Amino acid sequence: MTKRLPPRGDHQPDLFAANFADIPIRDQRDTMERPFFSLAKKPRFAPIEYKVGDVWVEVSANPKFGLATIWDADILIWASTQVTEAIDRGLTPSRVIQFHPHNMLKSIRRMAGGEHYRRLRAALDRLTHTAVRTNIRAEGKHKTASFHWLESWTELTDEKTGEPLGITLTLPDWLFDGILMKGGVLTIHEDYFLLTGGIERWLYRVARKHAGQQENGWQFTMRQLYEKSGASSRFSDFAIDVRKVVESDSLPEYTSILHKNEEGEEIIHFLKRDLLAVDDPRYETPRHSRRRVARGITSKSSKFSQIA
């Protein structure tokens, strides 16, 4: 449970439109805490079924491609960032996004090349063929949304060399509308893309949505997290993985603490690092909310012990 090393060339590149090196990365908040994606690297074909209170989610796999994974969701985070950046720049946002795969892979901090392009195509296929049904955003009405994570995608390649020239993807209305709505996105840390574990990545997204900037953070029971995750593992195995994440203290921006409540239930408490006491070894200084005015992707938080 740790972050992988950044890929070669992962530094401030020449600036161009919507490059992640100079803009905040946005994640659509409705997708951040509920079980919309497989957390396993091994292909998953079993459906995800979630219901808490009046809110429910159903995710079904295509028998050929399997469920979209939390790593595949990096593409949706990238797309959410493109849409919100277009709005910030006074442009008209669109569900249809055109890009070169090299630029997108660099933005989500992955290597670019033949094998990585193949993996990108496989991720696009899983996103296109994973079926989702939910009543999130029904606003008290008996309303159900049914969609796939991508409405479609197409690729243009060089006839002689087979090299990719460009990809076009189309977002579904449910996701696009969620990005556009007020408060529909949250800025996330770019080191999220370096997290290697599925549960680790999901815990960061949960912490970012719920703990946010709250002085006292946010707490969940282990059972609550398990039910929210949609993990296919047993509860005991899930709990072991969560404890490993807490022990490694690997989440960007947030730290976590384990303790038990009066009923003996295991509690996970998420706290923002820059809200801790400055003499706490887990403390980090806050970063500027708009990265483009700092030092781009090389701008890191500082630990008190390093600047004292």
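Worth saying up front: this structure is predicted, and the values here are computed from it rather than measured.

As a further point, take the packing of aromatic side chains. Considering all chains together, one arrives at 13 aromatic pairs under this definition. Arranged with centres 5.3 Å apart and planes meeting at 80 degrees, the rings of F147 and W149 form a pair that is edge-to-face. Like F147, the residue W149 is buried in the burial classification. Ring geometry for Y192 versus Y204: centroids 5.7 Å apart, planes at 35 degrees, classification tilted. Of this pair, Y192 sits in the loop between β9 (185-188) and α5 (198-210) while Y204 is found in helix α5, placing the two residues 12 residues apart along the sequence. For the residue pair Y192 and Y204, the accessibility class agrees, reading buried in each case. Feature note: the residues F36, F37, F147, W149 and W174 constitute an aromatic cluster, connected by ring pairs. Directly above the aromatic system of Y192 lies the positively charged group of R201, at a separation of 4.7 Å from the ring centroid. The side chain of K272 reaches across the aromatic face of Y254, ending 5.9 Å from its centre.

Below, the discussion takes up the sheet that holds strand β5 (residues 131-134). The four strands are arranged β2-β3-β5-β6 in an open sheet whose pairing can be described as antiparallel. Where the open sheet ends on each side, the last strands, each with one partner, are β2 (48-52) and β6 (145-148). Sheet twist, expressed as the mean angle between neighbouring strand axes with direction ignored, is 10 degrees. The sheet contact formed by strand β3 (residues 55-60) and β5 spans four bridges and is antiparallel. Across the sheet, the residue bridging to V59 is V132, located in β5.

A regular strand places its side chains so that they alternate between the two faces of the sheet. Along β5, the buried face is formed by V132 and T134; none of A131 and R133, which line the opposite face, is buried. Here four bridges tie β5 to β6, and the two strands are oriented antiparallel to one another. Looking at β6, one finds that A131 is bridged to H148.

This paragraph deals with the side chain of R273. Its location among the elements puts R273 in the loop between β12 (266-272) and α8 (304-307). A polar atom in the side chain of R273 sits 3.1 Å from the backbone oxygen of L251. In terms of polar contacts, R273 uses its side chain to reach the backbone carbonyl oxygen of R282, at 3.5 Å. Excluding residues within four positions of it along the chain, R273 makes contact with D249, L251, E253, Y254, T255, R282, Y283 and E284.

So, about the pattern of salt bridges. In this structure the tally under the stated criterion is 22 salt bridges. The shortest N-O distance in the salt bridge between D74 and R201 comes to 2.8 Å. Of this pair, D74 sits in helix α1 (residues 73-88) while R201 sits in helix α5, and the two are 127 residues apart along the sequence. No difference in accessibility class separates D74 from R201, as the two residues are buried. Between R89 and E85 there is a salt bridge; the shortest N-O distance is 2.7 Å. With relative accessibility at 1%, the residue E85 sits in the buried group.

With that settled, the discussion passes to the side chain of H269. Tracing the backbone shows H269 in strand β12. Within the structure, H269 has its side chain in polar contact with the backbone oxygen of N216 (distance 2.7 Å). Not counting chain neighbours up to four residues away, the residues in contact with H269 comprise N216, G217, W218, Q219, T255, S256, I257 and H259.

Moving on, we get to helix α7 (residues 235-248). Compared with an ideal rise of 1.5 Å per residue, which puts 14 residues at 20 Å, α7 spans 20 Å between its outermost C-alpha atoms and is within 8% of the ideal. Where α7 is concerned, the buried positions are F238, A239, V242, V245 and V246. One side of α7 carries all its buried residues, which in axial view fall inside an arc of 120 degrees. In this fold, the buried residues of α7 make contact with α5, α6 (222-229), β11 (254-260) and β12. In the stretch just after α7, D249 is the one whose phi turns positive, near 50 degrees.

Rules used in this analysis
Counting restarts for each chain, with residues numbered from 1 along the sequence as it is written. Confidence filtering applies because this is a predicted model: local features only for residues at pLDDT of at least 70, side-chain atom pairs given and counted only at 80 or more, and all residues used for totals across whole chains, interfaces and linings. Values reported for side chains reflect all heavy atoms of the structure, with hydrogen atoms and water molecules removed beforehand. Think of it this way: a Phe, Tyr or Trp ring, Trp meaning its six-membered ring, pairs with another when their centres are within 6.5 Å, and the plane angle makes it stacked under 30 degrees, edge-to-face over 60, tilted otherwise. Think of it in three bands: residues with accessible area under 20% of the maximum for their type are buried, residues over 50% are exposed, and the middle band is partly exposed, with areas taken using a 1.4 Å probe on protein chains only. Numbered from the N terminus, helices here are DSSP runs of H or I no shorter than four residues, and strands are runs of E no shorter than two. Two thresholds decide whether a charge sits over a ring: the Lys NZ or Arg CZ must be within 6 Å of the ring centre and within 35 degrees of the ring normal. The criterion for strand pairing is that DSSP finds at least two bridges linking the strands in question. Interaxial angles span 0 to 180 degrees and are taken between N-to-C directions of axes, which are lines fitted to C-alpha atoms, for helices over the stretch in contact. A 3.5 Å cut-off defines polar contacts: any pair of N or O atoms within that distance qualifies, except that in protein one atom must be a possible hydrogen donor and the other a possible acceptor, and neighbouring residues in sequence count only when both atoms are side-chain atoms. We call two residues in contact whenever any of their non-hydrogen atoms come within 4.5 Å of each other. A side-chain nitrogen of Lys or Arg and a carboxyl oxygen of Asp or Glu constitute a salt bridge if their distance falls within 4 Å. Under the convention used throughout, the expected extent of a helix is 1.5 Å for every residue step, that is, one less than its residue count. The reported arc concerns the directions from the helix axis to the C-beta atoms and nothing else.

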